[in-house]
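In case you want the letters, here they are:
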Amino acid sequence: MSAPTPAGPQPEDRGLQPPAFGRPSPALIARADRGYARFLAAQAPDADTSDHGQDDDVAGVR
């Protein structure tokens with residue numbers, strides 16, 4: 001047995017979700033912007049590929 005189908009369109013009901021559900025708040029966007037700016041401002045370490053970060057005394061030992 002199945003439930004009868006409604007005759008008209010269903011009214012849009014948001015249920016328990018707030019009206020702005022799924023949209024980030026302005027405070028959250030501002031925090032993300034600050035974090036991204038800090039990420040871009042971080043200096044990358046020098047790209048010295050000669051020793052690959054190994055200590056000199058350990059690199060020569062086999």
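Look up a bit, the structure's there.
Since we're looking at a predicted model, the values are computed, not measured.

Things to note about the overall build of the protein chain
Scanning the protein chain from N- to C-terminus turns up 2 helices and 0 strands. When the 62 residues of the protein chain are sorted by exposure, 0% land in the buried category. Accessible surface for the protein chain amounts to roughly 6600 Å². Of this, 57% is attributable to carbon and sulfur atoms.

A few points about the packing of aromatic side chains
Applying the stated criterion to the full structure yields 1 aromatic pair. For the ring pair Y36 and F39, a centre distance of 6.2 Å and an interplane angle of 20° mean the geometry is stacked. One end of the pair, Y36, and the other, F39, are both in helix α1 (residues 26–41), 3 residues apart, so they sit about a helical turn from each other.

How each quantity is defined
- Residues numbered from 1 in each chain as written.
- Predicted model: local features only at pLDDT ≥ 70, side-chain atom pairs only at ≥ 80, totals over all residues.
- Heavy atoms only, no water.
- Helix = DSSP H or I, 4+ residues; strand = E, 2+ residues; numbered from the N terminus.
- Buried < 20%, exposed > 50% of the residue type's maximum accessible area, 1.4 Å probe, protein only.
- Areas by Shrake-Rupley, 256 points an atom, 1.4 Å probe, with all protein chains shown as cover.
- Phe/Tyr/Trp six-rings, centres within 6.5 Å; stacked < 30°, edge-to-face > 60°.

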